[in-house]
Amino acid sequence: MIHQQPNPGIHYEYVVPSTNTISPHLPSQRRPGEHFNGQLDIPDTSDHTENRDSFNSPDMSAGSIPSSQPGRIPPHVPDNQVLPLQPPRRNRDYNWKQVGSTECSVSCGKGSHYPIFRCVNRNTHEEVSDAFCDSTTKPSSEEEPCNLFPCPAFWDIGEWSECSKTCGLGMQHRQILCRHIYANRTHTVQPHRCQNLEKPETTSTCQLKICSEWQIRTDWTPVSGR
């Protein structure tokens, strides 16, 4: 017990059941003078009516403690003792149940989601307020994988190369790869995975500008000055 005020002390009591209790009444099969539970039976010649009236008399001696049960003394609670607060009872008719999961983070290629837990009636399985269940026993929402199948393959198209000629008609090339996405990463796969898709062109003609040059269209004229 941790207590920052003056120590109030601890009071407790308990009752231990016993089968060796001395009965106040004589069994019908036992004769007077025989031993019972190790005790010698002594006939009681006093007036029981007078003793009962004396016990119930209001003029009780100082220091006596009244009790609703004969033979049991109620516990004495010190003035400075703080009685412990009883924790609220949890209703055992309610428990946590997984009712679904969050939406998967991706539609394909290995995503993740989280389970959803709700407080429900144990018998009817009807959802109720979470206050009916013990929050300390609520399962943790751990990440779970989902949609583990790979996404459909696709053609990954690279950039065109430079034109083979600076002017006039030339050729240019580009690279294409069959790929798919899995676990948020792009992976290259065999080309046959993309055979149902139209394959893009890998070569094309190009012309940056028209080439220009001087051309002689006519012969020299006759020499002048004759």
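Definitions and cut-offs
- Residues numbered from 1 in each chain as written.
- Predicted model: local features only at pLDDT ≥ 70, side-chain atom pairs only at ≥ 80, totals over all residues.
- Heavy atoms only, no water.
- Core = buried A, V, L, I, M, F, W, Y, C linked by side-chain atoms within 4.5 Å.
- Buried < 20%, exposed > 50% of the residue type's maximum accessible area, 1.4 Å probe, protein only.
- Contact = heavy atoms within 4.5 Å.
- Salt bridge = Lys/Arg side-chain N within 4 Å of Asp/Glu carboxyl O.
- Helix = DSSP H or I, 4+ residues; strand = E, 2+ residues; numbered from the N terminus.
- Disulfide = S-S within 2.5 Å.
- Pairing = 2+ DSSP bridges.
- Axes fitted to C-alpha atoms, helices over the stretch in contact; angles between N-to-C directions.
- Phe/Tyr/Trp six-rings, centres within 6.5 Å; stacked < 30°, edge-to-face > 60°.
- Patch = residues over 30% accessible without salt bridge, like charges linked within 9 Å, V, L, I, M, F, W, Y side chains within 5 Å.
- Areas by Shrake-Rupley, 256 points an atom, 1.4 Å probe, with all protein chains shown as cover.

- The chain is annotated in an unreviewed UniProt entry as ADAMTS/ADAMTS-like Spacer 1 domain-containing protein from Aquarana catesbeiana.

Quick word on the nonpolar core
Now for step 1: Counting residues in each nonpolar core, the largest one holds six residues, listed as Ala 153, Trp 155, Ile 176, Cys 178, Val 189 and Cys 194.
Now for step 2: Leave out the neighbours within four places in its chain, and Cys 178 touches Ala 153, Phe 154, Trp 155, His 187, Thr 188, Val 189, Gln 190, Pro 191, Arg 193 and Cys 194.

What about the pattern of salt bridges?
Now for step 1: Considering all chains together, one arrives at one salt bridge under this definition.
Now for step 2: Note that Asp 156 is salt-bridged to Arg 179, the shortest N-O span being 3.1 Å. Of this pair, Asp 156 sits in strand S7 (residues 154-157) while Arg 179 sits in strand S9 (residues 176-182); the two residues are 23 residues apart in sequence, bridging distant segments of the chain.
Now for step 3: A relative accessible area of 27% means that Asp 156 is categorised as partly exposed.

Structural notes on unusual backbone geometry
Now for step 1: The residue Ala 183 is not glycine, and still its phi comes out positive at about 55 degrees.
Now for step 2: Here Ala 183 is to be found in the loop between S9 and strand S10 (185-188).
Now for step 3: Note on Ala 183: relative accessible area 34%, which makes it partly exposed.

Regarding the state of the cysteines
Now for step 1: Scanning the model with the defined rule gives six disulfides in all.
Now for step 2: Across the disulfide, Cys 167 is cross-linked to Cys 211 (sulfur-sulfur distance 1.8 Å). Taking the sign of the S-S torsion, 95 degrees for the link of Cys 167 and Cys 211, the bridge is right-handed. Taken together, the positions of Cys 167 in the loop between S7 and strand S8 (169-173) and Cys 211 in the segment after strand S11 (203-207) put the pair 44 residues apart, joining distant regions of the chain.
Now for step 3: Note on cysteine connectivity: Cys 178 is disulfide-linked to Cys 194, with sulfurs 1.9 Å apart. Its S-S torsion of approximately 90 degrees makes the covalent link between Cys 178 and Cys 194 right-handed. You can see Cys 178 sitting in strand S9 and its partner Cys 194 sitting in the loop between S10 and S11, a full 16 residues away along the chain.
Now for step 4: Along the chain, the cysteines engaged in disulfide bonds are linked according to the scheme 1-5, 2-6, 3-4, 7-11, 8-12, 9-10 when indexed in sequence order.

A few points about the sheet that holds S7
Now for step 1: Spatial ordering of the open sheet is given by S7-S9-S10, a layout of three strands whose pairing is antiparallel. Strands at the two margins of the open sheet, each flanked by one partner only, are S7 and S10. Averaged over all adjacent pairs, the angle separating strand axes in this sheet is 50 degrees, with direction ignored.
Now for step 2: The pairing of S7 with S9 spans four bridges and is antiparallel. Note on S9: the bridge partner recorded for Asp 156 is Leu 177.

Re the packing of aromatic side chains
Now for step 1: According to the stated counting rule, one finds one aromatic pair in the structure shown.
Now for step 2: Note on Tyr 94 and Phe 132: the rings are 4.9 Å apart at their centroids and 45 degrees apart in plane angle, and the pair reads as tilted. Here Phe 132 lies in the loop between strand S5 (115-121) and strand S6 (144-146) and Tyr 94 lies in strand S3 (residues 94-101), a separation of 38 residues in the sequence.
Now for step 3: The class of Tyr 94 is buried, set by a relative accessible area of 18%.
Now for step 4: Its relative accessible area of 40% is what places Phe 132 among the partly exposed residues.

A look at the side chain of His 113
Now for step 1: Its location among the elements puts His 113 in strand S4 (residues 111-113).
Now for step 2: Residue contacts for His 113: discarding those within four places in its chain leaves Ser 101, Thr 102, Glu 103, Cys 104, Glu 142, Glu 143, Glu 144, Pro 145 and Cys 146.

Considerations on a nonpolar patch on the surface
Now for step 1: Nonpolar side chains collect at one region of the surface, where Ile 10, Tyr 12, Tyr 14 and Val 16 lie side by side and expose about 560 Å² of accessible area between them.
Now for step 2: Mapped onto the elements, Tyr 14 comes out in the segment before strand S1 (35-36).
Now for step 3: What makes Tyr 14 exposed here is its relative accessible area of 65%.

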